[in-house]
Amino acid sequence: MSLAEPNRYAVTGVGLVSGYGIGADLCFEGLLARERAPRLHDVKAWPVGDRLLPVAGPDRDQVTSKLPSQQLASLNMEARMALAACLLALEDAGLDEASFADDSCGVVVAAQHAGLQDYADLWWAGMRADDAIVSPTRGPRAGFNAVAGYLGIRTGARGPNVTILNGVVGGVDAILYAMDAIARGEARAMLVCGVGFVHPVEVPLLADAQPEWEPKPFDVGRRGSCFGNAAAALLIEAPRRDAKAMVTAAHAAYSPDMDSGASMYRALSQVLAEDGRKRVAACFAGANGSLMGDAVEAGALSTALDYTVPVCAVKGGMGECLAASVVAQVAMATLSLRHSFLPPTPGLGEATGLLRLRVPREPEKLSEGTLLVHGWDAAGGAGAVALRDPEAA
Amino acid sequence: MAEDASIVITGMGVVSPLGRTTDGFWQALLKGTVATGQLTRFDTSVLSVETGAEVSEGDEVDTCPSLALKWAVEVAETATEDASLSAAGIDPARVGVSFGSVMGTRSSLDLALLKTEPEKPSASPWGSPSLLSREPARRLGLAGPNCSIATACAAGNSAVAYGAEALRRGRADAMVVGGVDEISQTTLLIFDSFRALADDFVRPFDAGRRGLMLGEGAAALVLEREEDAKARGATIRGRVLGYANVCDAHHITAPHPEGRGAIRSMRRAMEMAGLQPSDVDHVNAHGTGTRANDSVEAGALRRVFGQQADRLPVTALKSMLGHAQGGASALEAVACVLSMRDGLIPPTANHVERDPECDLDVVTGTPRKSRIRVALSNAFGFGGNIECLLLGAP
């Protein structure tokens, strides 16, 4: 690809494993119906203690049942979820696994805490248990890059293989990495996977954030977010006519000062400039129901976008899926293009007027224009992705 | 912005078991100083291994929740000072940070589990691996692209590649890039469970090699586009010529027996740089000292360089530094730049008996004088992650 060509990349397949079940369509249908992810787990604090954390997530047995049994050995649950999402994305793109086992196919994973519980368990086994024999199969699972490594092995993709550790915004960086790899000619197809998984060892810390069982993004009565377990995957390729969506721009930004929304506004304005299209059809926001974060995001969105642009926050249904969030939002935006509908925001009762955003409470017919996906985290990271219908692009 | 813009190195910083100044680190390498030995920072009595290469930290370690985080900040500060970046008048929003790591701040979970109440093991910075790039940025006031990367023990090179790409695509005007990791009880347990650890010395490419020893540390480099660096009068210390990230897709811990990924990565890095194998003057090997890595890497180098490998000087710094995991390839990149500056290749320590399976021109004993215009730095990791880096003289 030469520099003169616009930076456009095709999303040819999407896959999602979430509290709605196994499949992106299940999530999209749930959102259209304004339903929250129906499956809530209580994750028990580790190593001891009776604290419980409500987490929206998939049924573990269901995830496992979707995978070939020979692929289960050595995989922890987050790797299983990621593999299931990636296989769904390949299937959605009409590719069999064999065609992905190639030097020109790669994997990039956005993760936050991949392998954390394995790390903690290893310490416990080695330092506290009487028998300090540590299984050699457990060690590799404790590394940040374990999920990406296993995906490379299981799919046979021998191209670029990278893990991005950028919190909630990692999905944007992962998409950018895939776009760059394709632009450099290092890959013809990249699986971009985001994984968010709550480990028992995290529970005491996360529970201190007082998660909310029923998150209400952008709602006047919002009180906090609910965590979600999810894995989302996109197959990204060079532009092609039969694409499901075209990524026209992506940008990640950072600011030490999250409260100002500076990084959010920079990411949004950069992506809008690179996309070059004046009309924004809708925005998939990163709002998760938090009092502060939603307000800062609303400020950035209302500065960057016209009030008439409808905004949807999928985390009202899926929960805060951390590093899976942006990839999942792009998957939902892709389905929005496919079905020409924007889902409403689950949990939204009354949008606070102070937010100066139009957050629909019912599904809306999608108008022509760019779809924006926006993500942010509490540590000052932000990112945005612009998508279009392939025909319009 | 030109995708083929020339990327140069204008600043460097190190924290290593051989010192925390670039000059001290370099002089110790040239002397062949072996930093591996008895670990002292934590109790090893419950482990079957008690050796490695530690960074000297004194008593301060007791109050530092994450050494990796501390070192990432330290080398970023040193590298930006070395590059005179703060005086350059570059918009801080156009200066980014990227660090690679294997375990990042996770090592501090060991301390948290050991020292805090069991119900509260999480009051520690282990929860945010993204801090490795965000904390240096916060301290230095840098708001450009910010990314923490994990490609196992290739992560330092991957961070360099990320930075070069951000510059080539016009996302930043300068990037502070590097790698970092610290030794923890848990990482020792992991490597011990593979039976991958040597009990006395690290002997890369030696017939009697018995494994690796863990090391630790960090290194950072400041990258800029050449035209920008020249315009502000910066001292150019080296060049990033090429890089290639590939995956073996073979086994989670073992390299492909034919070095398939390593061969592809080396060749692609050369293709990117528009260079031939005959243009490469020196190889800074991954060279861990394990039987599997060294024979596979030697075979891959033979495949890529053919007969040229007979006279292509190869060194393996892990013989002195131990395996600093995510910090390793960043430290080795700094060593490559210094090799090119001084025309000297540090020796591979502890190499006494040539292994026919590792038929390479391994530099041993004393530093070798050699004019080096192009250096190849190899980095391989678990998960089949491979990122080879091609560096050039100023």
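Residues numbered from 1 in each chain as written. Chains lettered and ligands numbered in written order. Predicted model: local features only at pLDDT ≥ 70, side-chain atom pairs only at ≥ 80, totals over all residues. Heavy atoms only, no water.

### Thoughts on the overall build of chain A
Here is step 1 of the chain: The number of helices and strands found in chain A is 12 helices and 16 strands.
Here is step 2 of the chain: Here the C-alpha radius of gyration of chain A, 20 Å, is about what a compact globule of 393 residues would show, namely 21 Å.
Here is step 3 of the chain: The proportion of buried residues among the 393 residues of chain A is 66%.
Here is step 4 of the chain: A fraction of 79% describes how many contacts in chain A between residues 6 or more apart in sequence connect residues 24 or more apart.
Here is step 5 of the chain: Separation between the mean location of the 33 positive side-chain charges and that of the 44 negative ones in chain A comes to 3 Å. (Helix = DSSP H or I, 4+ residues; strand = E, 2+ residues; numbered from the N terminus. Rg over C-alpha atoms; globule rule 2.2 N^0.38 Å. Buried < 20%, exposed > 50% of the residue type's maximum accessible area, 1.4 Å probe, protein only. Contact = heavy atoms within 4.5 Å. Lys, Arg positive; Asp, Glu negative; His and termini not counted. Charge placed at Lys NZ, Arg CZ, Asp CG, Glu CD.)

### Things to note about the packing of helix H1 (residues 22–30) of chain B against helix H11 (residues 328–342) of chain B
All names here are of chain B.
Here is step 1 of the chain: Between H1 and H11, the shortest axis-to-axis distance is 11 Å and the interhelical angle comes to 80°. Taken together, the axes of H1 and H11 are roughly perpendicular relative to one another. Residues Thr 22, Phe 25, Trp 26 and Leu 29 of H1 pack against Leu 331, Val 334, Ala 335, Leu 338, Ser 339, Arg 341 and Asp 342 of H11.
Here is step 2 of the chain: Residues of the contact of H1 with H11, tallied by class, amount to seven nonpolar, two polar and two charged. (Axes fitted to C-alpha atoms, helices over the stretch in contact; angles between N-to-C directions. Parallel < 35°, antiparallel > 145°, perpendicular 65-115°, else oblique. Nonpolar A, V, L, I, M, F, W, Y, C, P; charged D, E, K, R; others polar.)

### Brief notes about the packing of aromatic side chains
All names here are of chain B.
Here is step 1 of the chain: One pass over the structure, following the stated rule, counts four aromatic pairs over all chains.
Here is step 2 of the chain: Taken together, a centroid distance of 6.1 Å and an interplanar angle of 75° make the contact between Phe 191 and Phe 194 edge-to-face.
Here is step 3 of the chain: Each ring, one from Phe 191 and one from Phe 382, has its centre 5.6 Å from the other, and the planes form 25°; the classification is stacked. Here Phe 191 is found in helix H6 (residues 185–193), whereas its partner Phe 382 is found in the loop between strand E14 (374–377) and strand E15 (385–392), with 191 residues between them in sequence.
Here is step 4 of the chain: According to the relative accessible area criterion, Phe 382 is partly exposed, its value standing at 23%.
Here is step 5 of the chain: Of the aromatic side chains, those joined through ring pairs into one cluster are Phe 191, Phe 194 and Phe 382. (Phe/Tyr/Trp six-rings, centres within 6.5 Å; stacked < 30°, edge-to-face > 60°.)

### Section: the nonpolar core
Here is step 1 of the chain: By size, the foremost hydrophobic cluster in this structure holds 112 residues, and its most contacted members are A:Ile175, A:Leu234, A:Met332, A:Leu387, B:Leu223 and B:Val240.
Here is step 2 of the chain: Non-local contacts of B:Val240, meaning those with residues more than four positions away in its chain, are made with B:Ile7, B:Ile9, B:Val160, B:Ala164, B:Arg168, B:Leu223, B:Leu389, B:Leu390 and B:Leu391.
Here is step 3 of the chain: Core analysis: the next-biggest nonpolar cluster, separate from the first, contains 39 residues, A:Leu75, A:Ala82, A:Val109 and A:Phe197 among them. (Core = buried A, V, L, I, M, F, W, Y, C linked by side-chain atoms within 4.5 Å.)

### Section: empty space enclosed by the protein
Here is step 1 of the chain: Applying the stated criterion across every chain yields a total of five cavities of 30 Å³ or more.
Here is step 2 of the chain: Lining of the largest cavity is provided by 17 residues; of these, A:Asp180, B:Tyr162, B:Glu165, B:Ala166 and B:Arg171 occupy positions nearest its centre.
Here is step 3 of the chain: Secondary structure elements with two or more residues in the lining of the largest cavity: helix H7 (170–183) and strand E10 (245–254) of chain A together with helix H5 (155–168) and strand E8 (238–247) of chain B.
Here is step 4 of the chain: The residue inventory of the lining of the largest cavity, partitioned by class, reads eight nonpolar, three polar and six charged. (1 Å grid on protein atoms, 1.4 Å probe; cavity = no way out; pocket = protein on both sides within 12 Å on 5 of 7 lines; lining within 4 Å. Points joined across faces, edges and corners; volume = space filled by probe spheres on them.)

### Describing the layout of surface pockets
Taking a probe equal in size to a water molecule and rolling it over the atoms shows the remaining empty space.
Here is step 1 of the chain: In this model, the largest pocket occupies a volume close to 760 Å³.
Here is step 2 of the chain: Lining the largest pocket are 31 residues; nearest its centre among them are A:Leu206, A:Phe227, A:Leu322, A:Asp377 and A:Ala378.
Here is step 3 of the chain: The set of elements that each furnish at least two residues to the lining of the largest pocket consists of helix H8 (203–208) and helix H10 (291–304) of chain A together with helix H4 (131–140) of chain B.
Here is step 4 of the chain: Residues of the lining of the largest pocket, tallied by class, amount to 14 nonpolar, 12 polar and five charged.
Here is step 5 of the chain: Split by domain, the residues of the lining of the largest pocket number at least three in each of domain 1 (9–237) and domain 2 (245–388) of chain A. (Domains from an automatic or database assignment.)

### Quick look at the interface of chain B and chain A
Here is step 1 of the chain: Listed as interface residues are 69 residues of chain B and, on the opposing side, 66 residues of chain A.
Here is step 2 of the chain: Each partner contributes to the roughly 5,500 Å² buried at the junction of chain B and chain A, and carbon and sulfur atoms together form 61% of this total.
Here is step 3 of the chain: Across the contact surface, chain B and chain A share five salt bridges.
Here is step 4 of the chain: In this structure, the salt-bridge partner of B:Arg169 is A:Asp180, at a minimum N-O distance of 3.3 Å.
Here is step 5 of the chain: Taken together, chain B and chain A are joined by 25 residue pairs in polar contact (both at pLDDT 80 or more).
Here is step 6 of the chain: Breaking the side of chain B that touches chain A down by element, the ones donating at least two residues are helix H3 (108–115), H4, strand E5 (146–150), H5, H6, E8 and helix H8 (260–273) of chain B.
Here is step 7 of the chain: Among the residues making up the side of chain B that touches chain A, the classes are represented as 33 nonpolar, 22 polar and 14 charged. (Buried area = accessible area lost by both parts, 1.4 Å probe. Salt bridge = Lys/Arg side-chain N within 4 Å of Asp/Glu carboxyl O. Polar contact = N/O pair within 3.5 Å; in protein donor to acceptor, adjacent residues only side chain to side chain.)

### Section: helix H2 (residues 67–82) of chain B
Residues spaced three or four apart along an α-helix face the same direction, because each turn holds 3.6 residues.
Residue and element names in this part refer to chain B.
Here is step 1 of the chain: Taking 1.5 Å per residue as the helical rise, H2 with its 16 residues ought to reach 22 Å, and the 22 Å between its terminal C-alpha atoms agrees with that figure.
Here is step 2 of the chain: All buried positions along H2 are accounted for by Leu 67, Ala 68, Leu 69, Trp 71, Ala 72, Val 73, Val 75, Ala 76, Ala 79 and Thr 80.
Here is step 3 of the chain: At its buried positions, H2 is contacted by strand E1 (7–15), strand E4 (95–100), H4, strand E6 (174–181) and strand E7 (217–225).
Here is step 4 of the chain: Just past H2, the residue Ser 84 takes up positive phi, approximately 50°. (Expected span 1.5 Å × (residues − 1).)

### As for the environment of B:Asp361
Residue and element names in this part refer to chain B.
Here is step 1 of the chain: Along the chain, Asp 361 falls in strand E12 (residues 361–362).
Here is step 2 of the chain: The class of Asp 361 is buried, set by a relative accessible area of 15%.
Here is step 3 of the chain: On a C-alpha basis, the gap between Asp 361 and Leu 312 in space is 5.9 Å, while along the polypeptide they are 49 residues apart.
Here is step 4 of the chain: When sequence neighbours within four positions are dropped, the list of residues in contact with Asp 361 reads Ala 309, Asp 310, Arg 311, Leu 312, Pro 313, Val 314 and Arg 368.

### Things to note about the side chain of A:Lys315
All names here are of chain A.
Here is step 1 of the chain: By the element assignment, Lys 315 lies in helix H11 (residues 315–318).
Here is step 2 of the chain: A polar contact of 3.1 Å, which involves the side chain of Lys 315, links it to the side chain of Glu 320.
Here is step 3 of the chain: Dropping the residues within four chain positions of it, Lys 315 is found in contact with Val 168, Pro 215, Pro 217, Gly 286, Ala 287, Asn 288, Glu 320, Ser 325 and Gln 329.

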